[in-house]
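Given next are the chains, with one letter for each unit.
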Number of protein chains: 2
Amino acid sequence: MAYINVPDGVPGIRSLVMFRPETGKPLYELAQVLLRGPSPLSPADRELIAAYVSHRNECVFCRNSHAAAARCLYGDGKGIVDELLKDSDPGRLSEKMQALLRLAGKVQRGGNQVTPDDITAAHAAGATDVDIHDTVLIAAAFSMFNRYVDGLASYTPANESEYDEMGRRMSQNGYVLPSRPTHSTNQ
Amino acid sequence: MAYINVPDGVPGIRSLVMFRPETGKPLYELAQVLLRGPSPLSPADRELIAAYVSHRNECVFCRNSHAAAARCLYGDGKGIVDELLKDSDPGRLSEKMQALLRLAGKVQRGGNQVTPDDITAAHAAGATDVDIHDTVLIAAAFSMFNRYVDGLASYTPANESEYDEMGRRMSQNGYVLPSRPTHSTNQ
């Protein structure tokens, strides 16, 4: 059960933004522009970075839901997702994505973990400044979403098939704020 | 020098949102509603939580700027900020704020670090569900902002007086997106 009085049975961050729609609105807008807006990185690659950071933060809800979205978006290449999350060699990924995932892993540990060599390696693998920016911000944003979801113990479904359905919805519709506010800030 | 080609001499997150205003907009909207919108926590208390988390993440820019904003907002009680950031006993704070800061410190380490006992202690000290929600989200959001600012090595002024000026502006105007976009996503 969640630590605060959020709607029953609503999984993950959806229950939290229904509890507090004022902060939910910019959180969903951030997810939408960061994972679906114009970027040199495909939505599939951005979902993979989100799933990877969530995996490293041991946030089961975010890992499973964004991994499911990445599988839908990659289509035939969906085996990439499972290989990466099993901590096996991501050798099927491009050099650029390998360098960006190493960078995301540094950001997950802490902003000060990133070194000039990490940036040089990403540039050498073909990453632009916008690739690097978007990777760092996705890794930073999931360091937030993961803490928000787990720090309030929001509902994490155990059934894998629920994530498949979530992943389909996320890949098709993106991030749309759920309605049904359930509290006032006076409580 | 920052790791990507942001405007010269613009400190911290401002340079990053000028580079990428698409993601800057929801980031500033989140900061505004989370730190200045309606909440049972005062803006001063919310800035203190932000400064505390940034301090623990060793993010000098965010720590110094949000500490300066908290000093302005507390007015006569501004010694509280310096005491807390020197890791001394925050005995001058209310029981509720002490419990919420302990909770924020757990979230800074990771969402799964929070235990039911942390929530019980916060409730026992008078915190409502909204106090707890806002504390967890502030701590999570600064786990993002800190990683964003340091992960891209944005400009961190060394001169303390620059933070005093920033703190005054943040306490008076809140969080307003700077203009002057400097790139297109095609680069």
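Below is a short write-up of the structure. Model, not experiment: these values are computed from the prediction.

The rules we used
Residues numbered from 1 in each chain as written. Chains lettered and ligands numbered in written order. Predicted model: local features only at pLDDT ≥ 70, side-chain atom pairs only at ≥ 80, totals over all residues. Heavy atoms only, no water. Contact = heavy atoms within 4.5 Å. Buried area = accessible area lost by both parts, 1.4 Å probe. Salt bridge = Lys/Arg side-chain N within 4 Å of Asp/Glu carboxyl O. Helix = DSSP H or I, 4+ residues; strand = E, 2+ residues; numbered from the N terminus. Nonpolar A, V, L, I, M, F, W, Y, C, P; charged D, E, K, R; others polar. Phe/Tyr/Trp six-rings, centres within 6.5 Å; stacked < 30°, edge-to-face > 60°. Buried < 20%, exposed > 50% of the residue type's maximum accessible area, 1.4 Å probe, protein only. Axes fitted to C-alpha atoms, helices over the stretch in contact; angles between N-to-C directions. Parallel < 35°, antiparallel > 145°, perpendicular 65-115°, else oblique. Polar contact = N/O pair within 3.5 Å; in protein donor to acceptor, adjacent residues only side chain to side chain. Expected span 1.5 Å × (residues − 1). Arc of directions from axis to C-beta. Least-squares fit on C-alpha atoms with pLDDT ≥ 70 in both.

Here we look at the interface of chain B and chain A
- Listed per partner, the contact involves 51 residues of chain B and 51 residues of chain A.
- Taken over both partners, the interface formed by chain B and chain A buries close to 4000 Å², and the fraction arising from carbon and sulfur atoms is 67%.
- For the chain B face of the interface with chain A, the top three residues by lost area are Tyr-3, His-133 and Arg-147 of chain B, together amounting to 18%.
- Where chain B meets chain A, there are two salt bridges.
- Two residues, Asp-134 of chain B and Arg-20 of chain A, come together in a salt bridge whose shortest N-O distance is 2.6 Å.
- If you list the elements that add at least two residues to the side of chain B that touches chain A, you get helix H1 (12–19), helix H2 (21–36), helix H6 (95–109), helix H7 (116–124) and helix H8 (129–151) of chain B.
- Element by element, the count of residues in the side of chain B that touches chain A is highest for H8 of chain B, at 15 residues.
- Of the residues assigned to the side of chain B that touches chain A, the class counts are 24 nonpolar, 18 polar and nine charged.

With respect to the packing of aromatic side chains
Residue and element names in this part refer to chain A.
- Applying the stated rule across the entire model yields four aromatic pairs over all chains.
- With centroids separated by 6.2 Å and ring planes inclined at 55 degrees, the aromatic side chains of Phe-61 and Tyr-163 adopt a geometry described as tilted. Of this pair, Phe-61 sits in helix H4 (residues 60–74) while Tyr-163 is found in helix H9 (residues 160–173), placing the two residues 102 residues apart along the sequence. Like Tyr-163, Phe-61 is buried.

Section: the packing of H1 of chain B against H8 of chain B
All names here are of chain B.
- Relative to each other, H1 and H8 sit at 80 degrees, their axes nearing to 9 Å. One way to sum up the angle between H1 and H8 is to call them roughly perpendicular. Packed against H1, whose contacting residues are Gly-12, Ile-13 and Leu-16, the element H8 presents Phe-145, Tyr-148 and Val-149 at the interface.
- Partitioning the contact of H1 with H8 into residue classes produces five nonpolar, one polar and no charged.

Looking at the side chain of Arg-36 of chain B
All names here are of chain B.
- Looking at the secondary structure, you find Arg-36 in helix H2.
- For Arg-36, a relative accessible area of 18% gives the class buried.
- Within the structure, the side chain of Arg-36 is placed 2.9 Å from the backbone oxygen of Met-170, a separation counted as a polar contact.
- Dropping the residues within four chain positions of it, Arg-36 is found in contact with Ala-31, Pro-43, Arg-46, Glu-47, Leu-73, Met-170, Ser-171, Gly-174 and Tyr-175.

With respect to H9 of chain A
All names here are of chain A.
- Taking 1.5 Å of rise per residue, the 14 residues of H9 would be expected to cover 20 Å, and the 20 Å separating its terminal C-alpha atoms lies within 8% of that figure.
- By the burial criterion, the buried members of H9 are Tyr-163, Met-166, Gly-167, Met-170 and Ser-171. Viewed along the axis of H9, the buried residues span an arc of 130 degrees, placing them on a single side of the element.
- Taken together, the buried residues of H9 touch helix H2 (21–36) and H4.
- Just downstream of H9, Gly-174 is the residue with a positive phi angle, here 70 degrees.

Things to note about the pattern of salt bridges
- Within the structure shown, the criterion is met by 18 salt bridges over all chains.
- When the shortest N-O distance is used, the salt bridge between Lys-25 of chain B and Glu-29 of chain B registers 3.1 Å. Residue Lys-25 of chain B and its partner Glu-29 of chain B are both found in helix H2; the two are separated by four residues, about one turn of the helix.
- By relative accessible area, which is 43% here, Lys-25 of chain B ends up partly exposed.
- The structure contains a network of salt bridges with shared partners spanning Arg-20 and Glu-22 of chain A together with Asp-134 of chain B.

Side note on the relation of the copies chain B and chain A
- Rotating chain B by 180 degrees and moving it 0.0 Å along the rotation axis overlays it on chain A with an RMSD of 0.0 Å. Interpreted geometrically, this transformation is the action of a two-fold axis.
- Comparing interface residues between copies, 100% of those in chain B also sit at the interface in chain A, which points to an isologous, same-surface contact.

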